[in-house]
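Here's the letter readout for the chains.
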Amino acid sequence: MFRLAVLGSGTGSNYQAIQDAVGRGEIPAQVVGVFCNVAGAGILARAEAAGVPARLIPSRGIAAPEARQRYDAELAERIADLEVDLVVLAGWMRLLSAEFVARFSGRLVNIHPSLLPAFPGLRVHESVLAYGCKVSGCTVHFVSEEMDAGPIIAQACVPVFHSDTPESLANRVHGAEHKLYPWVVRQIALGAVRLRGRVVEVDAELPPFCVPAS
Ligand code: GRF
């Protein structure tokens, strides 16, 4: 069975969407561990409720380069212990070291709430609205050393309305994320995703939520 580890720092709604899809048999995989760096984060309770081993490795105050290296090495060891096939970042709000990224290269994915390469980083929805974009969305990508810049696996888009606030846009994008991420993880588990240089090929018909209206 294809083995997933999920890393998150927040509410864990993307983890939940993946866990639910696994539960419904839509992803031929099992979540063997959830890792969290923030005490009390919602993702921990969600993992517990799903009966998935959850591990808190607090990162607060760990900022010096050497301490960060040690933190990432410990995290990488704990993940490797579980012999995972894919590491899924789902709201993991901490930059990972080059060593960590290299160790899980090609087996490490992230979701970002914009249509990359537009609007990497934080405060995405505020920036999208301030720029006057008419379309936004979300991107699932392989993780590379540079933040939010790895090879794109799939994207889904949503409209932006004049009346939107950062919150209303975030909610709409979240809805798209909850469809896109389980679909991508399913394709990876099925072996349908190939990385060719910086371009990713997915050997599957695109689902309706990935196809912009024409
Ligand atoms: C999502 O918007 C994701 O794109 C970003 O962090 C957020 C996590 O949300 N990387 P949740 O914890 O999955 O609800």
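Above this note sits the structure.
Residues numbered from 1 in each chain as written. Predicted model: local features only at pLDDT ≥ 70, side-chain atom pairs only at ≥ 80, totals over all residues. Heavy atoms only, no water.

Examining the overall build of the chain
Thinking step 1. When its secondary structure is counted, the chain shows six helices and nine strands.
Thinking step 2. Since a compact globule built from 214 residues should have a radius of gyration of about 17 Å, the 17 Å found for the chain is in line with a globular shape.
Thinking step 3. Each of the three principal axes of the chain carries a C-alpha extent, and together these read 45 × 40 × 35 Å.
Thinking step 4. Within the chain, contacts between residues separated by at least 24 positions form 63% of all contacts whose residues are at least 6 apart in sequence.
Thinking step 5. Summing over all exposed atoms, the chain offers an accessible surface of approximately 10600 Å²; the carbon and sulfur share of this is 55%.
Thinking step 6. The chain carries 19 positive and 21 negative side-chain charges, and their two centres are separated by 2 Å. (Helix = DSSP H or I, 4+ residues; strand = E, 2+ residues; numbered from the N terminus. Rg over C-alpha atoms; globule rule 2.2 N^0.38 Å. Contact = heavy atoms within 4.5 Å. Areas by Shrake-Rupley, 256 points an atom, 1.4 Å probe, with all protein chains shown as cover. Lys, Arg positive; Asp, Glu negative; His and termini not counted. Charge placed at Lys NZ, Arg CZ, Asp CG, Glu CD.)

Description of the site of the ligand
Thinking step 1. What surrounds the ligand is the set Thr-11, Gly-12, Ser-13, Asn-14, Gly-91, Ile-111, His-112, Pro-113, His-174 and Glu-177.
Thinking step 2. One nitrogen or oxygen atom from the main chain of Gly-12 is found 2.8 Å from an oxygen atom belonging to the ligand.
Thinking step 3. Between the ligand and Pro-113, the relevant distance is 3.5 Å, taken from an oxygen atom to a main-chain nitrogen or oxygen of the residue.
Thinking step 4. Burial of the ligand by the protein chains amounts to 85% of its free accessible area of 370 Å².
Thinking step 5. When residues of the shell around the ligand are traced back to their parent elements, those giving at least two are helix H1 (13-23), strand S5 (108-112) and helix H6 (166-189).
Thinking step 6. Split by residue class, the shell around the ligand holds two nonpolar, seven polar and one charged. (Near = heavy atom within 4 Å. Polar contact = N/O pair within 3.5 Å; in protein donor to acceptor, adjacent residues only side chain to side chain. Nonpolar A, V, L, I, M, F, W, Y, C, P; charged D, E, K, R; others polar.)

Section: the environment of Leu-122
Thinking step 1. With respect to the helices and strands, the residue Leu-122 is situated in the loop between S5 and helix H5 (124-131).
Thinking step 2. Take Leu-122: its relative accessible area is 66%, and that puts it in the exposed class.
Thinking step 3. A C-alpha to C-alpha distance of 9.6 Å links Leu-122 and His-112, two positions 10 residues apart in sequence. (Buried < 20%, exposed > 50% of the residue type's maximum accessible area, 1.4 Å probe, protein only.)

Looking at H1
Thinking step 1. Counting buried positions along H1 gives eight out of 11 residues, so the element sits mostly inside the fold.
Thinking step 2. Where H1 is concerned, the buried positions are Ser-13, Asn-14, Tyr-15, Ala-17, Ile-18, Gln-19, Ala-21 and Val-22.
Thinking step 3. Close packing links the buried residues of H1 with strand S1 (2-8), strand S2 (29-36), helix H2 (42-50), strand S4 (86-89), S5 and H6.
Thinking step 4. In the segment just after H1, Gly-25 is the residue with positive phi, at about 80°.

Points about the sheet that holds S1
Consider a sheet: its strands pair through backbone hydrogen bonds, and that pairing is either parallel or antiparallel.
Thinking step 1. Across the sheet, which stays open at both edges, the seven strands sit in the order S3-S2-S1-S4-S5-S6-S7 with mixed pairing between neighbours. In this open sheet, the two edge strands, each paired with only one partner strand, are strand S3 (54-56) and strand S7 (152-159). Averaged over neighbouring strand pairs, the angle between their axes works out to 20° when direction is ignored.
Thinking step 2. Of the pairings in the sheet, the one linking S2 to S3 comprises three bridges and is parallel in character. Its bridge partner being in S3, Cys-36 is matched across the sheet by Leu-56.
Thinking step 3. Relative to the sheet, H1 contacts S1, S2, S4 and S5, its axis offset from that of S2 by approximately 160°. (Pairing = 2+ DSSP bridges. Axes fitted to C-alpha atoms, helices over the stretch in contact; angles between N-to-C directions.)

Observations concerning the nonpolar core
Thinking step 1. Counting 46 residues, the largest nonpolar core has Leu-4, Val-88, Val-109, Ile-153 and Tyr-181 as the members making the most contacts within it.
Thinking step 2. Top contributing element to this core by residue count: H6, with 10 residues.
Thinking step 3. Sequence-distant contacts of Val-109, defined by excluding residues within four places in its chain, comprise Leu-86, Val-87, Val-88, Leu-89, Val-140, His-141, Phe-142, Val-143, Ile-153, Tyr-181 and Ile-188.
Thinking step 4. One finds Ala-5, Tyr-71, Val-84 and Leu-108 within the second-largest nonpolar core, a separate group that totals 19 residues. (Core = buried A, V, L, I, M, F, W, Y, C linked by side-chain atoms within 4.5 Å.)

Observations regarding the pattern of salt bridges
Thinking step 1. Counted according to the given criterion, the structure contains nine salt bridges.
Thinking step 2. Ionic pairing is found between Asp-81 and Arg-78, a salt bridge with its closest N-O pair at 3.0 Å. Pair noted here: Asp-81 and Arg-78 are both in helix H3 (residues 65-81), with a separation of three residues, about one helical turn.
Thinking step 3. Of the residues examined, Asp-81 reaches a relative accessible area of 48% and is grouped as partly exposed.
Thinking step 4. In this structure, the salt-bridge partner of Glu-201 is Arg-196, at a minimum N-O distance of 3.1 Å.
Thinking step 5. Taking relative accessible area as the criterion, Glu-201 reaches 31% and is therefore assigned partly exposed. (Salt bridge = Lys/Arg side-chain N within 4 Å of Asp/Glu carboxyl O.)

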